[in-house]
Amino acid sequence: MGKPTRVTNRIRALRFAAGEMTQADLADKVGVTRQTVIAIEQGRYSPSLEMAFQIARVFDVPLDDVFQYPKEK
């Protein structure tokens, strides 16, 4: 799936806060495979902007509560 991304995320924590939602459950809600959710959680893949918004909407939180991008030093 390409090189690692600098984008970090809190998807795993949000899944557990949402009643221990599984990766498969999240994948179904967003319309992707479980492998895609795994790759995003592990920082091996950056979702499209549209998918990022869909993920945030599943958890009913703002986009920047799910994804973070580090500031330049």
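In case you missed it, the structure is sitting above this.
Fair warning: this is a prediction, and the values are worked out from it, not measured in the lab.

**Student:** Looking at this structure, I do not really get the overall build of the chain. What am I missing?
**Tutor:** In terms of helices and strands, the chain carries 5 helices and 2 strands. Along the chain, from the amino end to the carboxyl end, the secondary structure elements read β-α-α-α-α-α-β. Relative to a compact globule of 73 residues, whose C-alpha radius of gyration would be 11 Å, the chain shows 12 Å and is just as compact. For the chain, the spread of C-alpha atoms along the three principal axes comes to 35 × 25 × 20 Å. A separation of at least 24 residues holds for 60% of the contacts in the chain among residues at least 6 apart in sequence. With an accessible surface of roughly 5,000 Å², the chain has 52% of that area assigned to carbon and sulfur atoms. Side-chain charges in the chain split into 11 positive and 9 negative, and the spacing between the mean points of these groups amounts to 8 Å.

**Student:** Could you clarify how one ought to interpret the packing of helix α2 (residues 23–30) against helix α3 (residues 34–41) in this entry?
**Tutor:** A pair of packed helices is characterised by two quantities: the angle between their axes and the separation of those axes. Interhelical geometry of α2 versus α3 gives an angle of 105 degrees and a closest axis separation of 8 Å. The orientation of α2 with respect to α3, classified from their angle, is roughly perpendicular. Mapping the contact onto sequence places Gln-23, Ala-24, Leu-26 and Ala-27 in α2 and Arg-34, Val-37, Ile-38 and Glu-41 in α3. When grouped by side-chain class, the residues that make up the contact of α2 with α3 number 5 nonpolar, 1 polar and 2 charged.

**Student:** Explanation requested: the environment of Gln-42 in the structure shown.
**Tutor:** When you line up the elements, Gln-42 lands in the loop between α3 and α4 (49–59). Residue classification places Gln-42 among the exposed positions, given a relative accessible area of 52%. Here the alpha-carbon distance between Gln-42 and Asn-9, two residues 33 residues apart in the chain, equals 8.6 Å. Of note is the side chain of Gln-42, whose polar atom sits 2.8 Å from the side chain of Arg-44.

**Student:** Would you mind showing me how to read the packing of α2 against α4 here?
**Tutor:** At a closest axis distance of 10 Å, the pairing of α2 and α4 adopts a crossing angle of 120 degrees. In the packing of α2 onto α4, the handedness of the crossing is right-handed. Between α2 and α4, the residues in contact are Leu-26, Lys-29 and Val-30 and Met-51, Gln-54, Ile-55, Val-58 and Phe-59, respectively.

Each value, and the rule that gives it
- Residues numbered from 1 in each chain as written.
- Predicted model: local features only at pLDDT ≥ 70, side-chain atom pairs only at ≥ 80, totals over all residues.
- Heavy atoms only, no water.
- Helix = DSSP H or I, 4+ residues; strand = E, 2+ residues; numbered from the N terminus.
- Rg over C-alpha atoms; globule rule 2.2 N^0.38 Å.
- Contact = heavy atoms within 4.5 Å.
- Areas by Shrake-Rupley, 256 points an atom, 1.4 Å probe, with all protein chains shown as cover.
- Lys, Arg positive; Asp, Glu negative; His and termini not counted.
- Charge placed at Lys NZ, Arg CZ, Asp CG, Glu CD.
- Axes fitted to C-alpha atoms, helices over the stretch in contact; angles between N-to-C directions.
- Parallel < 35°, antiparallel > 145°, perpendicular 65-115°, else oblique.
- Nonpolar A, V, L, I, M, F, W, Y, C, P; charged D, E, K, R; others polar.
- Buried < 20%, exposed > 50% of the residue type's maximum accessible area, 1.4 Å probe, protein only.
- Polar contact = N/O pair within 3.5 Å; in protein donor to acceptor, adjacent residues only side chain to side chain.
- Left-handed = near helix turned anticlockwise from the far one by under 90°.

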